[in-house]
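# Analysis of the macromolecular model
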Amino acid sequence: MSKYVLSIDGGGVRGLASAVFLSELEKKLSSSLSNKFDLIVGTSTGGIISLGISILDLHEENLVSIYSEKNLRRIFDPLRLRIFGSKYGGKQKRRIFDEYFGSKTLGEAITPTIITAFDLKLRRVKMFKSWTEGYLPVRRVASVTSAAPTYFPAESLEGRWYLDGAVSTNNPVLIAYSEAKRLWPNEDIRILSIGTGFNNRQLEGRKARRWGSLAWLNAGIIQILMESNIEHVIAQSLFEEKYLRVDSPLKGIKSNFDDTTERNLKGVKELGHFWWEDFGEETIKFLEDEL
């Protein structure tokens, strides 16, 4: 019997595309996403979607509503000019998580769930697991996994400080597989990995060799580092037909994690629908097949 794992990348507002694709997928499945998958793993915006599925059991358009234009503009609202420190204060982000998750704890997950973060003291990935740290408040776990450097300040939880899980692994597919094998060592593991699009714009080497820290920041070095596809390359090589990746170039969409303009959000939403047209049939077959 197969065990199905859902892995969701980080990517800021581009998580709207992931949510749209998963919403379309659920419409075609005979069961909810929370019942179809045996393990859900998410990083950053993918962590928020994961919690929406496993904790709130959000369905179809309700899952997409987390990424409404109103919510995103509240989250990415600087409120005041910030010369030093993170671009956004994080207060509005925490308020939205309070509104959605309230007093719920990680242990209330319908599906076993892992949310990643980066432990600043240990300088390594931290996995918040619903079955071992179920006492943790979901709203705080959501804040921790989405504390993207330069965008939001570090977040504390139980006396430890954390950054966005994307610092160590924006694509948590390898974590998803290794933890699934720990849970079910003798079972067949099949992984559906959902990306958030990637920027395929080339950088000019002759110019880049002269860049300093400010120039690299302006070029989007944070996005470049977080969009590394090494996890996908490894997963594709190791898992072969037991692995399916849903992702594509951004196709004119801004690569910024925080672009909440109406035009950009419309483009991100259309990207999710494009993925469904391109990967939908293959995904249904992948989730129905038993090896």
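Structure's up top.
Residues numbered from 1 in each chain as written. Predicted model: local features only at pLDDT ≥ 70, side-chain atom pairs only at ≥ 80, totals over all residues. Heavy atoms only, no water.

When its secondary structure is counted, the protein shows 13 helices and 8 strands. The proportion of buried residues among the 291 residues of the protein is 55%. Summed over all atoms, the accessible surface of the protein reaches about 13900 Å², with 50% contributed by carbon and sulfur. (Helix = DSSP H or I, 4+ residues; strand = E, 2+ residues; numbered from the N terminus. Buried < 20%, exposed > 50% of the residue type's maximum accessible area, 1.4 Å probe, protein only. Areas by Shrake-Rupley, 256 points an atom, 1.4 Å probe, with all protein chains shown as cover.)

Our next topic: the pattern of salt bridges. Oppositely charged side chains are able to pair whenever their charged atoms sit close together. Scanning all chains against the criterion turns up 16 salt bridges. Between K87 and D258 there is a salt bridge, with the nearest N and O atoms lying 2.7 Å from each other. In this pair, K87 is assigned in the loop between α5 (69-75) and α6 (91-101) and D258 in the loop between β8 (243-246) and α13 (262-288), connecting sequence segments 171 residues apart. Residue class for K87 comes out partly exposed when judged on its relative accessible area of 42%. Judged by relative accessible area, which is 8%, D258 ranks as buried. Put simply, D9, R245 and D247 are held in one network by salt bridges that share partners. (Salt bridge = Lys/Arg side-chain N within 4 Å of Asp/Glu carboxyl O.)

To continue, consider the nonpolar core. Formed by 63 residues in total, the largest nonpolar core has its most connected members in L6, L22, L25, F128 and L192. The greatest single-element share of this core, amounting to 9 residues, is contributed by α13. Every residue in contact with L22, bar those within four places of it in the chain, is listed here: L6, I8, L33, I49, I53, L63 and I194. The next biggest cluster of nonpolar side chains, apart from the first, holds 14 residues, and it includes A176, A180, I189 and Y243. (Core = buried A, V, L, I, M, F, W, Y, C linked by side-chain atoms within 4.5 Å. Contact = heavy atoms within 4.5 Å.)

Moving on, we come to the packing of aromatic side chains. Centre-to-centre distance and the angle between the planes together describe a pair of aromatic rings. For the structure shown, the criterion picks out 9 aromatic pairs. Plain terms: the ring middles of F76 and F152 are 5.7 Å apart, the flat faces sit at 45° to each other, and that makes the pair tilted. Of this pair, F76 sits in the loop between α5 and α6 while F152 sits in the loop between α7 (138-145) and β5 (155-157), placing them 76 residues apart in sequence. Residues F128 and Y162 carry aromatic rings whose centres are separated by 5.4 Å and whose planes lie at 70° to one another, so their mutual orientation is edge-to-face. Of this pair, F128 sits in strand β4 (residues 124-129) while Y162 sits in strand β6 (residues 160-164), placing them 34 residues apart in sequence. (Phe/Tyr/Trp six-rings, centres within 6.5 Å; stacked < 30°, edge-to-face > 60°.)

This next bit is on unusual backbone geometry. Unlike most non-glycine residues, S44 shows phi in positive territory, near 55°. You can see S44 is positioned in the loop between β2 (39-43) and α3 (45-54). A residue is classified by how much of its surface remains accessible, and S44, at 8% relative accessible area, is buried. Notably, E60 is not glycine yet its phi reads approximately 45°, a positive angle. Among the secondary structure elements, E60 is positioned in helix α4 (residues 60-64). Under the relative-accessibility criterion, E60 is labelled partly exposed at 32%.

As a further point, take a negative patch on the surface. The grouping of E277, D278, E281 and E282 at the surface amounts to a negative patch. Position of E281 relative to the elements: it lies in helix α13. E281 gets classed as exposed once you look at its relative accessible area, which sits at 74%. (Patch = residues over 30% accessible without salt bridge, like charges linked within 9 Å, V, L, I, M, F, W, Y side chains within 5 Å. Lys, Arg positive; Asp, Glu negative; His and termini not counted. Charge placed at Lys NZ, Arg CZ, Asp CG, Glu CD.)

We now examine the environment of I234. Looking at where I234 falls in the secondary structure, it is placed in helix α12 (residues 230-239). In the structure, I234 is positioned 61 residues away from V173 in sequence and 9.5 Å away in space, judged by C-alpha atoms.

For the rest of this paragraph, the subject is the side chain of K129. Summarising the element assignment, K129 is placed in strand β4. Residue class for K129 comes out buried when judged on its relative accessible area of 14%. A distance of 2.9 Å separates polar atoms of two side chains, one belonging to K129 and the other to E179. Apart from residues lying up to four places away in sequence, K129 is in contact with L106, T113, I114, G134, E179 and R182. (Polar contact = N/O pair within 3.5 Å; in protein donor to acceptor, adjacent residues only side chain to side chain.)

As a further point, take helix α1 (residues 15-28). In a regular helix each residue adds 1.5 Å, so 14 residues correspond to 20 Å; α1 covers 20 Å between its end C-alpha atoms and thus fits that length. Among the 14 residues in α1, 12 count as buried, and that is most of the element. Listed in full, the buried residues belonging to α1 are G15, L16, A17, S18, A19, V20, F21, L22, S23, E24, L25 and E26. (Expected span 1.5 Å × (residues − 1).)

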